[in-house]
Amino acid sequence: RVKEKWAATRIKHPATGLALQNFDSTYSVQLGPLWPSVRAALLSERKYGALLNNYGHDDVQAELQAKGCKDFPSDIETEAQPCLEQEPAVAGEEESSHVSVNKSDLDAQQLPALQLSPNIKCLVFPRGDITRFKPARPDMFGCLGYYLMDAASVLPCLALNVQEGHNVLDLCAAPGGKTLALLQTKSIGFFGVNDTSVSRTTRLRKVLHSYVPKPLLSHEKLRITTFDGTKWGEIEKNTFDRVLVDVPCTTDRHSLMEDDNNIFSKNRTGERRRLPQLQLDLLLAGIEAACPGGEILYSTCTLSQIQNLSVVEQAIHTAREDHGIQLQVVDLRPLTHMFRKTFDFAPDLPLGEMVVPHLAANFGPIYMCKLRRLT
Ligand code: SAM
């Protein structure tokens, strides 16, 4: 038998193990019978999407489509069609799927229309196909053709529905995947891009410069800052038509896979416990930064109820009681219905929508909730 040579130096409680323990105890209760399959997916290789760069010059879309990819936001005909034809509800459609029973029972024609940002293209391999994308190549002008990211991260950007000339704020923007997706709309009038981390903002700048032509990154159009986002309400109130609040969270997938920089490590317990308050402060600041009539999209990449709907509930309450701001929750069910063949959505969430990882569609987790300022 080989002696455990490193036994004395091996970390007793690796952060990834602590994360799994934590998730097993909380998510088995929260997700019930769904948890074992979500757990298996979370512990397996994730699936990426290729966010197409509209500023590139090569026909990357055709190249990827020839390999079997589809642009999930625009290739929805086959997804939406069954529902428009009023096929039976999705409930028994795929035994292994987590698609919501009572939300999918709804006929799309009864759902309020939801506009999605046009021009955001994201290519994915079909359900069950785990082919990996090759790294993007620069074109003759040095511009990269696509950006690899969790395809579910594109959903908050689509749902934000940026319109021509809108002033947009991305409050927690680095390393910039969603910033880049929002820039693909080519509709933004002025774009405020912020992240408190200087090193992560440097990465964001590099990303933008690899994908977007310089004139479009000029100071009149785009401003990159490194402020504490929780203070935004004090600096720039009632200003933006659209605000993305993509908050720091327990990043569930990362926490299960990487011991480095893991929020479940013992020395970060305090920081982890303070997350819901930080998330609430950031969301409230985002709400204040939006103009009346403006829309705010809150998103995380955790399954945690405490970081998702509890934060949104508390923000709606505090905005009304402390700031006199009335908010309306925007129904995102048309979006989940549209994309139910590409992603698995959690069933029966009282507030917001959530992509849950599934072995055949290993995207997410992504939680999102859209709010509209009425006052
Ligand atoms: N939206 C990014 C993207 O799509 O690439 C990911 C954002 S990440 C989930 C959360 C970010 O919030 C981190 O980059 C972190 O530096 C930033 N952050 C943490 N505290 C913040 C604060 N008080 N104000 C602004 N940003 C903050």
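Residues numbered from 1 in each chain as written. Predicted model: local features only at pLDDT ≥ 70, side-chain atom pairs only at ≥ 80, totals over all residues. Heavy atoms only, no water.

Draft legend 1. Looking closely at the site of the ligand. Around the ligand sit 21 residues, and of these D195, R200, D228, G229 and D246 come closest. Here A174 contributes a backbone N or O atom positioned 3.1 Å from an oxygen atom of the ligand. One nitrogen or oxygen atom from the side chain of D228 is found 2.8 Å from a nitrogen atom belonging to the ligand. Relative to its unbound accessible area of 600 Å², the ligand is 87% covered by the protein chains. (Near = heavy atom within 4 Å. Polar contact = N/O pair within 3.5 Å; in protein donor to acceptor, adjacent residues only side chain to side chain. Areas by Shrake-Rupley, 256 points an atom, 1.4 Å probe, with all protein chains shown as cover.)

Draft legend 2. Representation of helix 8 (residues 198-211) within the structure. The first and last C-alpha atoms of helix 8 sit 20 Å apart over 14 residues, in line with the 20 Å expected at 1.5 Å per residue. When helix 8 is considered as a whole, its buried residues turn out to be T201, L204, V207, L208 and Y211. Burial along helix 8 is one-sided: seen end-on, the buried residues are contained in an arc of 110°. In this structure, helix 8 carries V198, S199 and K206 as exposed residues pointing more than 90 degrees from its buried face. Those residues of helix 8 that are buried are in contact with strand 4 (146-149), helix 7 (177-183), strand 6 (190-194) and strand 7 (222-225). (Helix = DSSP H or I, 4+ residues; strand = E, 2+ residues; numbered from the N terminus. Expected span 1.5 Å × (residues − 1). Buried < 20%, exposed > 50% of the residue type's maximum accessible area, 1.4 Å probe, protein only. Arc of directions from axis to C-beta. Contact = heavy atoms within 4.5 Å.)

Draft legend 3. Looking closely at helix 12 (residues 309-323). If you check helix 12, its first and last C-alpha atoms are 20 Å apart, about what 15 residues at 1.5 Å a residue would give, namely 21 Å. Where the residues of helix 12 are buried, they touch helix 11 (269-289), strand 9 (290-300), strand 10 (327-330) and strand 12 (366-373). Phi turns positive one or two residues past the end of helix 12, at G324, with a value near 65°.

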